[in-house]
Amino acid sequence: MSKKTDATEKVLSFWEHLEVLRWVIFRVLIAIVFFVVLIFSSKDFVFNEIIFAPVNSDFWFYRALCSLGEMLNFPDLCPESFNIHLININLAGQFLAHLGASFSLSLILIVPYILFEIWHFVKPALYHNEKTHVGYVFLSSSILFYLGVALSYFVIFPLTVRFLGTYEVSSLVPNQISVQSYLGALYILTFSLGVMFEMPVLAYLLSKIGLINKQMLKKVRSFAFVILLILSALVTPTTDPFTMMVVALPLYLLYELSILVSKKKKVEIEEEVEEEN
C-alpha cells in the first residue's frame, strides 16, 4: 500500500505495513476488552433492562402496539399480557451466557471504531478525491448497521419472542426456553439485520469496480424482491406474514436505495453526454 497523496511522503515497505496493521489490530482488541469489562461489570442493567426486556408485555414495542391498536380501534393489535420464563440447564450456562453477551454487545458497540481504524489504515493509499468517497462509505456503513440492529432489537426480535415464546401445541407441553436458545436467536437476528442493511454500501462499491450497475439492478428488481422475501423468511423464525413483511419492506427499500447509489454503465453515461450536446 503506497502513499499516493503526496510524492514527498515516505513509501512504507511491506514489513512497515504489517507493523501498522499490527497496531490497528492491537487497538481494536484493546477496545473490545475495555467494553467487555464494562458490560461484564454491569450485569444487572445489561440483562434485566436490555437483553431480557422483551420477555414480558411491558416492553416498549408491545406498549407501542397497544397504543397503535387503540388509535386505530383495532384491539387485536395489542398483545395479551405475558411473561416468558427462561431456564438454565447447564452448570456453567449462565456464566458463559454472561461472557457471550459481554463480547457480542462489545462488538456491536465498537463497529464505528473498527470501521474508523480500517479507514485510517487504507487512507494513506488513496488519492485526495477518493478519500471523501471512502470516508462517506465507512460512515454510511456504521449508520446502516445500527439501523439494522435497532430494527431487529425493537421490532423483529420482540415479535419473534412473543410468537414463539408463547406458542403451544398443547397445554400439556409448557414452554421451558433455555437462556442459550434465547440469546442465540437474539444474536443471529441482530447481526443478520445489521449485515443485511449494508446492502446499499455493497452495491455502491460493486458498481464502482464495474461488477454491477444501475441498469442491471433495475432489470432484476422483481427477482431481487423474491430473494429478499426468502431472506426475510429465513431470518424471522416466526411463520406469520406480518413479521416477514416487517423485515422484507425495509430490505426492499434498501434495494431501491442501492439502485440510486449505484453507478451507471459507461455506455449510458456517454449516451447522456451525447444527448446533452
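Source: prediction; values computed, not measured. (Residues numbered from 1 in each chain as written. Predicted model: local features only at pLDDT ≥ 70, side-chain atom pairs only at ≥ 80, totals over all residues. Heavy atoms only, no water.)

A look at the state of the cysteines
Our working rule: Our working definition of a disulfide is a cysteine sulfur pair at a distance within 2.5 Å. The helix count covers DSSP runs of H or I at least four residues long, the strand count covers runs of E at least two residues long, and both are numbered beginning at the N terminus. Summary of the burial criterion: residues with accessible area below 20% of their type's maximum are buried, those above 50% are exposed, and those between are partly exposed, where the area comes from a 1.4 Å probe applied to protein chains only.
What the rule picks out here adds up to 1 disulfide. Note on cysteine connectivity: Cys66 is disulfide-linked to Cys78, with sulfurs 1.9 Å apart. Here Cys66 and Cys78 share a disulfide; its torsion about the S-S bond, 60°, makes the bridge right-handed. With Cys66 in helix α3 (residues 60–71) and Cys78 in the loop between α3 and β1 (86–87), this pair connects stretches of sequence that are 12 residues apart. By relative accessible area, Cys78 is classed as partly exposed at 28%.

Digging into the packing of aromatic side chains
What counts, and what does not: Under the pairing criterion, centres of Phe, Tyr and Trp rings, with the six-membered ring standing for Trp, must be within 6.5 Å; the plane angle then separates stacked pairs below 30 degrees from edge-to-face pairs above 60, leaving the rest tilted.
Here the structure, examined in full by the defined rule, presents 16 aromatic pairs. When the centroid spacing of 5.8 Å and the interplanar angle of 65° are considered together, the rings of Phe59 and Tyr62 count as edge-to-face. Each member of the pair Phe59 and Tyr62 is classed as buried. Taking 5.8 Å as the distance between ring centres and 70° as the angle between the ring planes, the aromatic pair formed by Phe145 and Tyr146 counts as edge-to-face. Overall, Tyr146 belongs to the partly exposed group, its relative accessible area being 28%. Among the aromatic side chains, those forming a connected cluster through ring pairs are Phe59, Trp60, Phe61, Tyr62, Phe82, Tyr153 and Phe154.

Comments concerning the nonpolar core
The condition that has to hold: To qualify as a nonpolar core, a set must consist of buried Ala, Val, Leu, Ile, Met, Phe, Trp, Tyr and Cys residues joined through side-chain atoms within 4.5 Å. We call two residues in contact whenever any of their non-hydrogen atoms come within 4.5 Å of each other.
Counting 49 residues, the largest nonpolar core has Ile51, Phe52, Tyr182 and Leu183 as its most contacted members. Looking at this core, the elements that each hand over two or more residues are α2 (43–51), α3, α4 (93–109), α6 (128–166), α7 (179–196), α8 (199–208), α10 (221–235) and α11 (241–261). Residue contributions to this core peak at 9 residues, all from α6. For Tyr182, the residues in contact, after removing those within four places along its chain, are Ile51, Phe52, Pro54, Val55, Leu86, Phe157 and Val161. Of all hydrophobic cores here, the second largest spans 7 residues; its members include Val111, Leu115, Trp119 and Phe138.

With respect to the environment of Glu49
Position of Glu49 relative to the elements: it lies in helix α2. For Glu49, a relative accessible area of 52% corresponds to the exposed category. Between the C-alpha atoms of Glu49 and Phe59, which are 10 residues apart in sequence, the distance is 9.6 Å. Apart from the residues lying within four places of it in its own chain, the contact partners of Glu49 are Asp44 and Tyr153.

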